[in-house]
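Below, each chain spelled out in residue letters.
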Amino acid sequence: MERRSGDVSTVCHRVRGLAEQDDADDDMAFDTQTLEPLQTSLSRLPKIARGNVAVDLPVEIPTDFRLQSGERLAQRRITGRLHGREGAPLVVVAGGISAGRFVHRTETNGLGWWSGAVSIRGPIDLNRFQVLAFDYAPESASGARPVTITTHDQARLLALILDAIGDPIVSAFVGCSYGGMIALAFAELFPERVEQLVVVSAAHRAHPQATAWRGIQRRILQLAEAAGRPEDGVALARELAMTTYRTAEEFADRFETVAPSRVGGSYPVCDYLTARGRAYRTHTTPSRWLSLSDSIDRHQVTPEAIVTPVTLVGFASDRLVPIEDIRELAARLPTLFRFVEAPSLFGHDAFLKEDEAVGAILRAALKEITQ
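This is a predicted model, so every value here is computed, not measured.

### Comments concerning the overall build of the chain
Here's step 1: When helices and strands are counted, the chain shows ten helices and twelve strands.
Here's step 2: For the chain, buried positions account for 54% of its 371 residues.
Here's step 3: Put simply, of all contacts in the chain between residues at least 6 apart along the chain, 74% involve residues at least 24 apart.
Here's step 4: A total accessible area of about 16,600 Å² is found for the chain, and carbon and sulfur atoms account for 49% of it.

### What about the packing of helix α1 (residues 151-164) against helix α2 (residues 178-189)?
Here's step 1: Packing of α1 against α2 brings their axes to within 8 Å, and their N-to-C directions diverge by 70°. Compared by their axis directions, α1 and α2 come out roughly perpendicular. When α1 is examined against α2, the residues Thr151, His152, Gln154, Ala155, Arg156, Leu158, Ala159 and Leu162 are found in contact with a partner set consisting of Tyr178, Met181, Ile182, Ala185, Phe186, Glu188 and Leu189.
Here's step 2: Of the residues belonging to the contact of α1 with α2, the class tally is ten nonpolar, three polar and two charged.

### A closer look at the side chain of arginine 101
Here's step 1: Relative to the helices and strands, arginine 101 is located in the loop between β5 (90-94) and β6 (118-119).
Here's step 2: Judged by its relative accessible area of 16%, arginine 101 is buried.
Here's step 3: At 3.0 Å, the side chain of arginine 101 and the side chain of aspartate 56 are in polar contact.
Here's step 4: In terms of polar contacts, arginine 101 uses its side chain to reach the side chain of aspartate 135, at 2.4 Å.
Here's step 5: Once you skip the residues sitting within four places of it in the chain, arginine 101 turns out to touch Asp56, Thr79, Gly80, Arg81, His83, Ala133, Phe134 and Asp135.

### What about the environment of alanine 99?
Here's step 1: Among the structural elements, alanine 99 can be located in the loop between β5 and β6.
Here's step 2: For alanine 99, a relative accessible area of 12% gives the class buried.
Here's step 3: The spacing of alanine 99 and aspartate 135 is 36 residues in sequence and 7.6 Å in space, taken between C-alpha atoms.

### Some points on the nonpolar core
Here's step 1: Residues Leu132, Leu157, Phe173, Phe186, Leu197 and Leu312 are the most contacted members of the largest nonpolar core, which totals 75 residues.
Here's step 2: The residues contacting leucine 197, other than those within four sequence positions of it, are Phe173, Ala183, Leu184, Ala187, Ile306, Thr308, Pro309, Val310 and Thr311.
Here's step 3: Counting residues in each nonpolar core, the second largest holds 30 residues, with Ala117, Phe129, Val174 and Val313 among its members.

### Observations regarding unusual backbone geometry
Here's step 1: For the peptide bond that leads from alanine 137 to proline 138, omega is 0°, which places it in the cis range.
Here's step 2: By the secondary structure assignment, proline 138 is in the loop between β8 (130-134) and α1.
Here's step 3: Positive phi values are uncommon outside glycine, yet arginine 121 reaches one of about 65°.
Here's step 4: Checked against the element boundaries, arginine 121 lands in the loop between β6 and β7 (124-125).
Here's step 5: Arginine 121 gets classed as exposed once you look at its relative accessible area, which sits at 59%.
Here's step 6: For serine 201, which is not glycine, the phi dihedral falls at a positive 55°.
Here's step 7: Relative to the helices and strands, serine 201 resides in the loop between β10 (197-200) and α3 (208-226).

### Considerations on the pattern of salt bridges
Two side chains with opposite charge may pair up if their charged atoms get near one another.
Here's step 1: As enumerated under the stated definition, the model contains 20 salt bridges in all.
Here's step 2: A salt bridge links arginine 218 to aspartate 297; the nearest nitrogen and oxygen atoms lie 2.8 Å apart. Placement of the pair is arginine 218 in helix α3 and aspartate 297 in helix α7 (residues 286-298), with a sequence separation of 79 residues.
Here's step 3: Taking the relative accessible area as the measure of exposure, arginine 218 reaches 15% and is therefore buried.
Here's step 4: Its relative accessible area of 18% is what places aspartate 297 among the buried residues.
Here's step 5: Residue aspartate 294 pairs with arginine 298 through a salt bridge whose shortest N-O separation is 2.4 Å. With aspartate 294 and arginine 298 both in helix α7 and four residues apart, the pair spans about one turn of that helix.
Here's step 6: What makes arginine 298 partly exposed here is its relative accessible area of 44%.
Here's step 7: Counted as one network, the salt bridges with shared partners bring together Asp56, Arg81, Arg101 and Asp135.

### Remarks on the side chain of histidine 104
Here's step 1: Along the chain, histidine 104 turns up in the loop between β5 and β6.
Here's step 2: The exposure class of histidine 104 is buried, given its relative accessible area of 0%.
Here's step 3: Within polar-contact distance, the side chain of histidine 104 engages the backbone oxygen of valine 118 at 2.7 Å.

Conventions used here
Residues numbered from 1 in each chain as written. Predicted model: local features only at pLDDT ≥ 70, side-chain atom pairs only at ≥ 80, totals over all residues. Heavy atoms only, no water. Helix = DSSP H or I, 4+ residues; strand = E, 2+ residues; numbered from the N terminus. Buried < 20%, exposed > 50% of the residue type's maximum accessible area, 1.4 Å probe, protein only. Contact = heavy atoms within 4.5 Å. Areas by Shrake-Rupley, 256 points an atom, 1.4 Å probe, with all protein chains shown as cover. Axes fitted to C-alpha atoms, helices over the stretch in contact; angles between N-to-C directions. Parallel < 35°, antiparallel > 145°, perpendicular 65-115°, else oblique. Nonpolar A, V, L, I, M, F, W, Y, C, P; charged D, E, K, R; others polar. Polar contact = N/O pair within 3.5 Å; in protein donor to acceptor, adjacent residues only side chain to side chain. Core = buried A, V, L, I, M, F, W, Y, C linked by side-chain atoms within 4.5 Å. Salt bridge = Lys/Arg side-chain N within 4 Å of Asp/Glu carboxyl O.

In short, geometric facts, not functional conclusions.
Here it is, written out as structure tokens:
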């Protein structure tokens, strides 16, 4: 389903679900450069992204910075990363809670989390744009306590990075999943700082059923920490999360229902989930996951208050962000530019898997951006 603002008709638009793609691409890896921490008094965008160089931007968090809850972050810095051509229009890219500043592949950090979209000659073309991605707070610090942090808090931290690099206008904010929530919050807080949003698989609020699933994950993390087995808790919570990211149809296609010889043996789908959990067990800490999971469920914006033009994308098979919520958001946004509703085999993970469909939407949304 596709709708553009101002159209009186509705046009059916089907996008075929694509098979899983290999994550490797043929683009040249970006080298890494890290600057000294930037103070927020810098007056211009530094000339620090030349050729195939991506630059880390550690920015000091002011000592008087407080979260909406009144809490303080334990970390002293928020770190962004610039990719792409110096002086090009700036595009902010943000993904799910597992994403961060490494959005494009590097020689030192392997494949970025969205190299299929952010690449040379890709949908978000690093020959045309300078891309800013950033690490969400809080950091994965050992022994850290969870903090009550909102998507508006993350938007304010992003604003600190923008302040530090000279307060450029964001030509487009492309946000997927949690990043889409932050994009909406950023536009609500700072409408003068962003020219358009592309929001994929995110709505104006969390759905109660998705909150229920995440609540179980949080209790798993808390129980594991209390038992002195934090990594096992992360692995098990990840296994449960994977069942909510994907669809029953995909699992039916991928896995046989052959039973093990005895009770307690593993089924093929359980082997897959165990492997995914094991791979993730050191990727984050229970404290950070608790903070970011709770942040999703606290998310709340008023669609009528967002005056930035929005391209909105939802997938009919997404159980975490039901298409009904995205339709409601589309109906309430005063400056909706385009709404695309697409089918997919991959549920909430469709924005990572449907490279062709999502790439076409991104190219269309960004094609009018000029120097």
